[in-house]
Amino acid sequence: MAEAPTLEVEPSLMGSLELDSGDVPYANLEQVAAIPVRLRVADVEYTYERSFPIRGHSAVLPDAIAELEEGRRVIVAERQERYLVYLT
């Protein structure tokens, strides 16, 4: 079985998503044809973990990010009305 490709994200295109618990690195993937399994920013590789609907995200996303961050780095990407969470 072929390994899923990694999407390279230019660090200068990264933004931040403001949450109650602080800012999280953010990438807009609206122009990407398919949801990537892995993202690479500079020399750090992230793997897809889960997604959340954008509408209503403030009720669950901050706590979920805080829990997922324990010992890992997090990036949130946006695509088709979903926030996609990637972890190192």
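None of the values given here were measured: they were computed from a predicted structure.

1. With respect to helix α1 (residues 61-68)
Taken together, the buried positions of α1 are occupied by L61, P62, A64, I65 and L68. Within α1, the buried residues cover an arc of 165° as seen down the axis, which keeps them to one side. Turned more than 90 degrees from where α1 packs its buried face, D63 and E67 sit exposed.

2. Thoughts on the nonpolar core
L17, L61, I65, V74, V76 and V85 are the most contacted members of the largest nonpolar core, which totals 14 residues. Put simply, the parts of the chain that give this core at least two residues each are β2 (15-19), β3 (22-28), α1, β6 (74-79) and β7 (82-87). Ranked by residues supplied to this core, first place goes to α1 with four residues. Ranked by size, the runner-up nonpolar core spans 11 residues in total, among them V9, A27, I75 and A77.

About the criteria used
- Residues numbered from 1 in each chain as written.
- Predicted model: local features only at pLDDT ≥ 70, side-chain atom pairs only at ≥ 80, totals over all residues.
- Heavy atoms only, no water.
- Buried < 20%, exposed > 50% of the residue type's maximum accessible area, 1.4 Å probe, protein only.
- Helix = DSSP H or I, 4+ residues; strand = E, 2+ residues; numbered from the N terminus.
- Arc of directions from axis to C-beta.
- Core = buried A, V, L, I, M, F, W, Y, C linked by side-chain atoms within 4.5 Å.

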